[in-house]
Structures are given as structure tokens and as C-alpha cells.
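In case you want the letters, here they are:
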Amino acid sequence: MAGRMTFHTGQRRRVAHLSIASLFAVAVVLAGGPSALAQSNPRLSPAQAPQVQAPQTQALQGQAAQSSACAGDNGGITLPPGFCATVFADNLGHVRQMAFAPNGALYVNSWSGAYYNYDKPPPGGFLVALKDTKGAGRADVIQRFGPGVAQGSRGGTGIRVYNGALYAEQNDKIIRYALPADSLVPNGPSQVVVSGLPTNGDHPMHPFIIGPQGQLYVDLGTATNSCQLQNRMPNSPGHQPCTELQTRGGTWLYDANKTNQHFSPAERYVTGLRNGEGFAFDASGRLFATQHGRDQLSQNWPRFYTARESARQPAEELVELKRGADYGWPECYYDRLQKKLVLAPEYGGDGGKKVGVCAEKTGPIAAFPGHWAPNALLIYSGKAFPAAYRGGAFIAFHGSWNRAPEPQGGYNVVFQPLRDGKASGDFVVFADGFAGPVKEPGRAAFRPTGLAMGPDEALYISDDKHGRIWRVTYQGDPNANVVPAAAPALATAAPTGEPGPPEGIHPGAGRTASLPVPHGATSAEVARGERIFKGEQAGGTCAGCHGTDAEGSSVGPSLVSGHWLIGDGSLQSIERIVANGVPKPATFNEPMPPKGGAPLTNADVAAVAAYVWAIGHVAQK
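1. Considerations on the nonpolar core
The biggest cluster of nonpolar side chains holds 27 residues, and the ones touching the most others in it are Phe394 and Phe430. Broken down by secondary-structure element, the contributors of at least two residues to this core are β1 (83-89), β21 (374-379), β22 (393-397), β23 (412-416), β26 (428-431), β27 (448-453), β28 (459-463) and β29 (469-474). Apart from residues no more than four positions distant in its own chain, Phe394 is found in contact with Ala376, Leu377, Leu378, Tyr380, Phe385, Tyr389, Val413, Val414, Phe415, Phe430, Leu451 and Leu459. Among the nonpolar cores identified, the runner-up in size contains 25 residues, and Ala550, Leu559, Leu600 and Ala607 belong to it.

2. Regarding the sheet that holds strand β4 (residues 127-131)
As summarised here, the arrangement of the four strands in space is β2-β3-β4-β5, forming an open sheet in which the pairing is antiparallel. Lying at the two open borders of the sheet, with one neighbouring strand each, are β2 (94-100) and β5 (141-145). Averaged over all adjacent pairs, the angle separating strand axes in this sheet is 25°, with direction ignored. Across four bridges, strand β3 (residues 106-111) lies against β4 in antiparallel orientation. Residue pairing in the sheet places Leu106 in a bridge with Leu130 of β4.

3. Section: the state of the cysteines
Per the counting criterion, the structure on display carries two disulfides. At a sulfur-sulfur separation of 2.1 Å, the disulfide partner of Cys227 is Cys242. Judged by the sign of its S-S torsion, about 105°, the bond between Cys227 and Cys242 is right-handed. One end of the pair, Cys227, is in the loop between β11 (215-220) and β12 (250-255); the other, Cys242, is in the loop between β11 and β12, with 15 residues separating them in the sequence. This pair shows no difference in class: Cys227 is buried, exactly as Cys242 is. Bridging Cys332 to Cys358, the disulfide has an S-S length of 2.1 Å.

4. What to know about helix α6 (residues 523-533)
Every buried residue belonging to α6 is among Val526, Ala527, Gly529, Glu530, Ile532 and Phe533, and all of these are buried. On the buried face of α6, the contacting elements are α7 (542-546) and α9 (602-616). At the exit of α6 stands Gly535, carrying a positive phi of roughly 80°.

5. Some thoughts on the pairing of β21
Counting buried positions along β21 gives six out of six residues, so the element sits mostly inside the fold. In this structure, β21 lies alongside β22, joined through five bridges in antiparallel fashion. Considered in β22, the bridge of Leu378 is made with Phe394.

6. Observations regarding the confidence of the model for the protein chain
Taken as a whole, the protein chain shows an average pLDDT of 84; of its residues, 83% reach a score of 70 or greater. Across residues 1-69, where pLDDT falls below 50, the model places 215 contacts with residues more than four positions away in sequence or in other chains. Ignoring residues within four places in sequence, the model shows residues 491-513, a span with pLDDT below 50, making 14 contacts including any to other chains.

7. Examining the pattern of salt bridges
Applying the stated rule across the entire model yields 16 salt bridges. Arg286 serves as the salt-bridge partner of Asp282, at 2.8 Å between the closest nitrogen and oxygen. Judged by its relative accessible area of 15%, Asp282 falls in the buried class. Overall, the relative accessible area of 25% leaves Arg286 in the partly exposed class. Here the salt bridges do not stand alone but share partners, grouping Asp202, Arg232, Arg274 and Asp295 into one network.

8. Digging into the sheet that holds β27
Spatially, β1-β29-β28-β27 is the arrangement adopted by the four strands of the open sheet, whose pairing is antiparallel. The open sheet terminates on both sides in strands that have one partner only, identified here as β1 and β27. Across the sheet, the mean angle from the axis of one strand to that of its neighbour is 25°, orientation sign disregarded. Sheet topology note: the β27/β28 ladder contains five bridges and is antiparallel. Within the sheet, the bridge partner assigned to Leu451 lies in β28 and is Ile461.

9. Considerations on helix α8 (residues 571-580)
Along α8, the positions that sit buried rather than exposed are Leu571, Ser573, Ile574, Ile577 and Val578. Projection of α8 onto a plane perpendicular to its axis shows the buried side chains occupying an angular sector of 165°, all on one side. Packing partners of the buried residues in α8 comprise α9. Once α8 ends, the next one or two residues include Gly581, with phi positive near 75°.

10. A word on unusual backbone geometry
Between Trp329 and Pro330 the backbone carries a cis peptide bond, its omega angle lying at 0°. Here Pro330 is to be found in the loop between β17 (316-320) and β18 (332-335). At the junction of Ala404 and Pro405, the peptide bond is cis and its omega measures out at 5° in the coordinates. For Pro405, the location among the structural elements is in the loop between β22 and β23. If you check the backbone angles, Asn117 has positive phi at about 55° while not being a glycine. Relative to the helices and strands, Asn117 resides in the loop between β3 and β4. Taking relative accessible area as the criterion, Asn117 reaches 23% and is therefore assigned partly exposed.

Conventions and cut-offs
- Residues numbered from 1 in each chain as written.
- Predicted model: local features only at pLDDT ≥ 70, side-chain atom pairs only at ≥ 80, totals over all residues.
- Heavy atoms only, no water.
- Core = buried A, V, L, I, M, F, W, Y, C linked by side-chain atoms within 4.5 Å.
- Buried < 20%, exposed > 50% of the residue type's maximum accessible area, 1.4 Å probe, protein only.
- Helix = DSSP H or I, 4+ residues; strand = E, 2+ residues; numbered from the N terminus.
- Contact = heavy atoms within 4.5 Å.
- Pairing = 2+ DSSP bridges.
- Axes fitted to C-alpha atoms, helices over the stretch in contact; angles between N-to-C directions.
- Disulfide = S-S within 2.5 Å.
- pLDDT = per-residue confidence, 0-100.
- Salt bridge = Lys/Arg side-chain N within 4 Å of Asp/Glu carboxyl O.
- Arc of directions from axis to C-beta.

Here you go:
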């Protein structure tokens, strides 16, 4: 349910990954033939940074020209005509953001911990250095460095190169390493630039960007969804005032040239940003950031919103950062249909009619579909792409979990045209197909997370599911217009010329009949519970967190392992958990509201519990 059921661990996750990878390989073969499958599993990676040195650029562009032929399958993704993607690196762990050094070395930060169900990261440090020394478009040198799990690190998201040094987020700190001229990885100890950054709650990551004079802008995402008295619980009002804004929910400003700075409320630069992971400067020096819109409008406020309204609202945002500005969180959210900020229900809102204090807040320069999760931002300053792309914004959308019962969305990279700091047209999906056959957090093959422009002016895209990095180049008409990527092929597509049944093709349609039935329930009840679980009936939202296969995801545990984190696994125990929710889960950051926040009747709850019991007891049967 939206929020999540927290009574299973994810022991079957590794098996699930193999299954997902196999499905994705099938999709690749269908889309690109046997050669596509051969190209879909290289072993190397890249990253991001806006600063480039002209002499290095010319040399690297010359090298890239030697190996510009497309692989045919674009590394499993789709792109507009003329663009080509190859796999620069692969299997690097949970790669987050990236940064290029002037010499063409790519540095990436990777993350671990609760967000990835505490799986085992690759051995070594969480920072990775990559280099294409042969001009082949692939990293042939890969070195890990910095502290790893054994040294108490959990890695991080943010990473940048500035003034001969590499800056990276590590736990509650931003550290820096001097970059040596004779080595790919630093050969000296790190220095602490800022320490004491908050790491509790919903958004513990700290992406950042560094300006030309060393202005260090750090994102501090919120600890809660909407500053409620009880986080993510139905009908819980917001704190008055939201004191969380003193230390979270905005951008903080430090000096990258100094060390041993300490976090405090005094360095806040802007406020009202729930989670602003992507940063970029344009050619005029304007600073932009993305904003993750809040979750669970209908789950927390069912009297104001339907499940479908909640799936589409609020918008994700692209904002221009200006000192002292307030972008509205938690009192306001951006309604993409009305194209304005409206009052949140926690603060007196009524489903999008009231505006109130939101009239005084700063709105976005561009808005995108709800719950797509923008994790990286790059304003393209190169000349290798057509002129129509120059000065526009690429945004990597990590993908949604809170769009049930609507299909999940995102898992793509979009292009937003900009002119003079404003949107100059509608966005288009630039790269798609990352998720593979299924767009869900737990079943997606890849999830776009980082963006970078290399010294070769190619676009690099990172993934934090398996640690793949794509290199996107252009070989078409330099005067081409911006057009969307082709829709990705699906493994379940009907043969050409055969429309298929009007209700669609559902390979698992008969699965419920083979499930065990708990004592006191019926097979019909189990079947009905499956439909509610998957959002096909009664506004159920369970699949948003746990996946339609119930294998779990980054926001909800597996329900099919047969291991219970809460309760004893009995039908009665599961029914109580579904009905009452989990206000304070021990394993996942966000709580599960009662009934997942969905308008379930007692009979609905009983059916869901019967289904969850059944899928958790398949192995025992």
C-alpha cells in the first residue's frame, strides 16, 4: 500500500534481479537482435561536471570520432533520430551523480544503506574513477577509492570537481581530495569542507554544486513528506509553524575554498524546496534546481483527492534559485493543470481551490508530471548536439512509486527548452526504455540518476540500480529540431498485424488460482485481494511500494519471502497491520498509513490480507 507494509524482508531480491535482468535482455533482443544482447552487458562507467578545458576537449573529440558507430541497440534505451548511446561502464554499484575532471577522467559517487535494502555494495570505496584511455568510448580503467563500508561510510550522492580538487558527499559531510597530475585517484587524505549535515528522515542525501568563485550550494531535503504532526498519516495537520524549515527543505550556501565549516541554520540560501537534487548553472550564471513534489495527497487526505488525482499531482518542478526565495513547501504545492501554487491540505487547502499564502511564494519556470522524481539536472553548453539543444535542460527522472492506481512514470531523461532563464517550449522525453518491460521501483532494470557533459561534449547518464553509465553522442543533421525519443519496445508486445485482445495481455492472469488460501478465507477473496493490491479495484495502492510482483522496492519490503518483520504471519496479524498501518517502521524511512491511505472497506482489508498471506506462503505450499 502507499506508505508500505513492513512485515517482510527482501531475501528473494537477488533472485528477482536475475529475473528482471533476463526480461530486460529479452526486450533488448526483440528490439535490436542478437547483437543488441551482446552489447547490453559491458563492464565500465562515466559521470558529470560543467567545467571543461578547451585543449583537452579538442583531443578527446578527435578520439571519440574514431569510435562513433552506434551499437544498434543504444545500450537498451531509445533516443531521437541521430543520437546514439553506448555503455561507457557497468555494474559499478548504486551510482548516483557524476563529475568530469578537465583531463577527461570521470568521477562518480555511489550510495548504500536503507535505500537499497542494505544489499552488499561492490568491495572498496564508494568513490569511483573512470578513464577512457583508448578513445574507444568505454572506460578501460576503473578504480575505486575513499572509505568503504569497513570504514563506516555509506557513500553519497553529490560529487563535483572544482579548482583542482574532487568534492564528494560522504555520510553527513562534504569532503575534498586534491587531484594529482600523475594518478587517476587521489594519493592524499581527504579534507572536511562541511560537517554535521542532517541525515535523518525521508531525504538524507546532499547533492550540491560549486560556482565559479567557490560558492558551495548544498541541498538539504526534508525529513518528512509534508511537515505533518504524524508523517504520512491520514488527516494529520501540518506543524504550525513548520520548524523543520530551520534545518531542512532548502539550499544552504558554504565556501568550497574553506575547510572545517559546520552546518547550522544560518547558512540557508533559499527555503521551501522539499527535495532539490539536481543543480545546474546556465551560460548567464543563473542557478537552477529541481524539486520533488510531495507524495500521498489522496492517501493522507481522501476527502479532498481521488486516487487518480493524487497520482497526477502535484507537479515536479524546475526552479531558478534566488537568495531568500521561498518555493512553497510545505504550505503549497504546484498544480500542473491550473499552472499555479495552491494551498496544501495540511495547511487549510481544499483539494486545489484555495491559494492563500501561496500567492506570495515563488513558482517554477517549468513543471512536469507528478511523482516522476527528478534526480539530476544538466544545462547543455556543448556544440556536439544540434543547436536546438544548446542552453536547454536535460533532467533525469528516477521514476515513481506513488502513481498507483495509474501506471508508474518517469524512468527517463527529458529535455526542456530554455531561453533567458524561462521555459521556451514543452518538454520532450529524450531518452527512454531504462526501466525495461516494467516501470516500478523494484522491477525496473535501470533508473536514471546522474547527468554529465564530458570534455567530448557527449551526454553521460548514470543509473543507481546496477551502476550502468551510458554515453550519448550525435551523428545526424546539426540543424535538426528537438523531437522525442521513440517509444521503447516491450517484451510483451503483440506480433505486427495482430492487435491482440482488447483487455491486453497479462501473463500472470491465472496465477491467483494456484495460490494457497488461508483458513477463514476463500479463493475468491484471495483473487479480489490481488486486484486491490495491484490497484485494479477499490483504489488500492499497495503495488506502488511493493511492486505488482510484491517483490519489494526501495520504498517497500518484499511480501513474498515468508519472513515477517512485524507480527507472526497469521491472517489476523496481517489484517491488523493493513488496517492500522505502521506509523514508525524500524526498517524503512517512511511509515505506512492505515489501509495504505486507500479508501478500503473492512471487506477490502480482509481480502488484501488474504492475498498477502497467500503470496507469503507459496514457498511453504
